[in-house]
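A structural walkthrough
Here are the chains, one letter per residue:
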Amino acid sequence: MRDTSQLAKIFGDHTVAQLSSARVLVVGAGGIGCELLKNLAMSGFHSIHSIDLDHIDLSNLNRQFLFQRRHIKLSKSQVATAAITRFNPRVRASAEQANITNTQYDVDWFAQFDIVLNALDNLEARRHVNTMCLAARVPLVESGTAGYLGQVTVIKGAKTECFECQPKPVERKTYPVCTIRSTPTTPIHCIVWAKDYLFAQLFAESSDEGAMDVEETAENSDELSALREESTALEKLAGAMGTQDFARLVFDKVFDEDIERLLSMKDMWVQRRPPTVLDFAALSEHTGFDPAHPDDHAVLEPKEWCALFVHSAERLAQRRLAMDQSTQSGLVFDKDDDDTLHFVAATANLRSLAFGIEQKSIFATKAMAGNIIPAIATTNAIVAGMMVMQAILVLAQRIPECHTSYVTYGKRARCIIKEPLAEPNPRCPVCRRRYLTLRVRDCAQTTLGDVLDFVKGLDLDRDLQLGDDISVVEGTRMLYDPDFDDNLSKPLYELGIVSGKMIMLTSEDDDDGSIVPVVLSIAAAKSQDSLAIEGFESVPIFAPLPQLVSADAESDDEDDVITDDFVVDDSGAIVLEDDDVVTSPMIASAVSSISEELSKRKLDEISVISQDDTKRRAVSDDDIEVLD
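About the criteria used
Residues numbered from 1 in each chain as written. Predicted model: local features only at pLDDT ≥ 70, side-chain atom pairs only at ≥ 80, totals over all residues. Heavy atoms only, no water. Helix = DSSP H or I, 4+ residues; strand = E, 2+ residues; numbered from the N terminus. Buried < 20%, exposed > 50% of the residue type's maximum accessible area, 1.4 Å probe, protein only. Areas by Shrake-Rupley, 256 points an atom, 1.4 Å probe, with all protein chains shown as cover. Core = buried A, V, L, I, M, F, W, Y, C linked by side-chain atoms within 4.5 Å. Contact = heavy atoms within 4.5 Å. Axes fitted to C-alpha atoms, helices over the stretch in contact; angles between N-to-C directions. Parallel < 35°, antiparallel > 145°, perpendicular 65-115°, else oblique. Pairing = 2+ DSSP bridges. Patch = residues over 30% accessible without salt bridge, like charges linked within 9 Å, V, L, I, M, F, W, Y side chains within 5 Å. Salt bridge = Lys/Arg side-chain N within 4 Å of Asp/Glu carboxyl O. Lys, Arg positive; Asp, Glu negative; His and termini not counted. Charge placed at Lys NZ, Arg CZ, Asp CG, Glu CD.

It is worth spelling out the overall build of the protein at this point. Scanning the protein for helices and strands turns up 17 helices and 20 strands. For the protein, the residues scored as buried account for 54% of the 628 residues in total. Accessible surface, the protein: about 27800 Å² in total, of which carbon and sulfur atoms supply 48%.

Right under this line is the structure:
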């Protein structure tokens, strides 16, 4: 049993009592998560809930010390929480194997915790948890590592910077459309095609996410026209989802018909090796291979890749159909989602087979598709320790004593440096919002028009201060504005607005940015009222925005068409955005001292220096990713 007397001497008996009663949520049970869960259990925290989507893999065992070989293929969060209860039997630890972005984890679910600690390795989930913590008014301890570098910071709504306050430009890797579509020469070309084109066209939220909407120029007209035709053909295959023929139809389209079309262009292959048409019947012969449990570290045989393709395509089709029926959004590639990873690995390697390109294992595909930087166990341990120290200060209501801390590597005398927590960016598109909870008794009976009428009829002391011309947005969807009222009579459920979703209300009259948008978190009703709003007493007062001295320079990328995974600019180039890379901001002195070492290690993602009038700060590319 853990003795907390030393903690009591440092922080006092009252703080130790707070730790034992605090409900803690740990998101992620990988490299940082294992160290973090162990530290929490051994530091007087008694109520811990862990959530992680992933299974334990052989590659995790060299640094995620709570796992052993016998745990391979088991849930990370469940094995990790079982381990820490053996360290400290007084710990009440629970676990879930699930995606934290699921709508079941709504604002009420987050609000049950006293603090949230992020040990994540992808940008989408970090942004989601950041937003949910702001909406639920729960403090968040954020972290990230990359090799020997690490970072920990505290996010407290209206008090400190949130995860989105500083811009996080992502590294872009550019590949010409013609190379991806017609003449791949390397494994990454095939992985890009499988992940950002084929997967997106078949299973993403909408079929128009892709390269079809870019303005054509003389340089890219032919390629984009051909790409549009191919995408239209794939859209027609969506009607076969759920049928026995779906996987075969997709296979025949991309590995037979499309390759036959390429082979008809004789001039293209004068100085290149022509691709080979793949025969579905020949490759789908039974081999005894189990596609549900492939060897992630082996380069599979062609028939095994085909079996994995069929298995993953059928599973993704069923999931996509289920989403359509439940009004949820489409699928998103996640390297920790076996179905999406297996589909991308299988299709990329089948394409490599057709074009005579080196094939890669599932594990290697995961690294390339997820832009992974290997983790260092020591860095994870240091970062996890700093996270627990920050969590103790937060729970003790000692926020002013918290810091943003960095683990550095190089010629510095100190490997850990810190700086005070920064104030919120007054122009942040996420935390400069008034977060309220909209409780709906029945989303199938309540229309969008009912919500607008309810909002406009609120008492003066609860006025949302948006005026009469209100626009309603959910994610990237415009649900209503004064010139678009088609959805007013539709039930919220029909629009996909259910518990766990968020809608943002903005004013059409906000020309200078002075009106603060309102974000309504949809949640289950607690009374018989059909609609109710909560949270007015906790909404901060926002200062007026400072006037900009000059307009920002016009972006060179203003003609780019942005999609979930890549950009197609007007020169016909696909520009990848590294969604799963997470950055840690580094202060200028730390960056300058380790820049030489970073250059040697080619960690190009880390740190771009920016300087304002009052202090030097580093603005990084998107937090440093760890393979968990």
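Attention now goes to the nonpolar core. Counting 52 residues, the largest nonpolar core has Leu198, Phe203, Phe246, Phe251, Phe309 and Phe343 as the members making the most contacts within it. Elements that contribute at least two residues to this core include exactly α8 (187–203), α9 (221–237), α10 (246–263), α11 (280–283), α12 (302–325), α13 (338–355) and α14 (362–370). Per element, the largest residue contribution to this core is ten residues, and it comes from α8. The residues touching Phe309, leaving out its near neighbours within four places in the chain, are Ala247, Val250, Phe251, Phe343, Ala346, Thr347 and Leu350. Core analysis: the next-biggest nonpolar cluster, separate from the first, contains 45 residues, Leu37, Ile48, Phe67 and Ile84 among them.

This paragraph deals with the packing of α8 against α14. Across the interface, α8 lies against α14 with an axial gap of 10 Å and an inter-helix angle of 75°. Of the possible angle classes, the one that applies to α8 and α14 is roughly perpendicular. Along its contact with α8, which presents Pro187, Ile188, Ile191 and Lys195, the element α14 presents Thr365, Met368 and Ala369.

The subject of this paragraph is the sheet that holds strand β12 (residues 477–480). A sheet is described by the order of its strands in space; here six strands give the open sequence β12-β11-β13-β14-β10-β15, paired in mixed fashion. With one partner strand each, in any of the chains shown, β12 and β15 (531–534) form the two edges of the open sheet. Strand-to-strand, the axes of this sheet are offset by a mean angle of 30°, without reference to chain direction. Relative to strand β14 (residues 518–524), strand β10 (residues 434–440) is paired through seven bridges, and the arrangement is parallel. Pairing of Val440 across the sheet is with Ala524, part of β14.

What follows covers the sheet that holds strand β5 (residues 140–146). Here eight strands make up an open sheet; going across it, the order is β3-β2-β1-β4-β5-β6-β8-β9 and the pairing mixed. Whereas interior strands pair on both sides, the edge strands pair on one side only; in this sheet they are β3 (92–96) and β9 (416–420). Strand-to-strand twist in this sheet, taken as the mean axis angle between neighbours without regard to direction, amounts to 15°. Here strand β1 (residues 23–27) pairs with strand β2 (residues 47–51) via five bridges, running parallel.

Here His128 lies in helix α6 (residues 123–136). Contacts of His128, omitting those with residues within four sequence positions, involve Ile100 and Thr101.

On the surface, a cluster of negative charge is contributed by Asp468, Asp469, Asp483, Asp485, Asp486, Glu508, Asp509, Asp511 and Asp512. Within the element layout of this structure, Asp486 appears in the loop between β12 and β13 (502–507).

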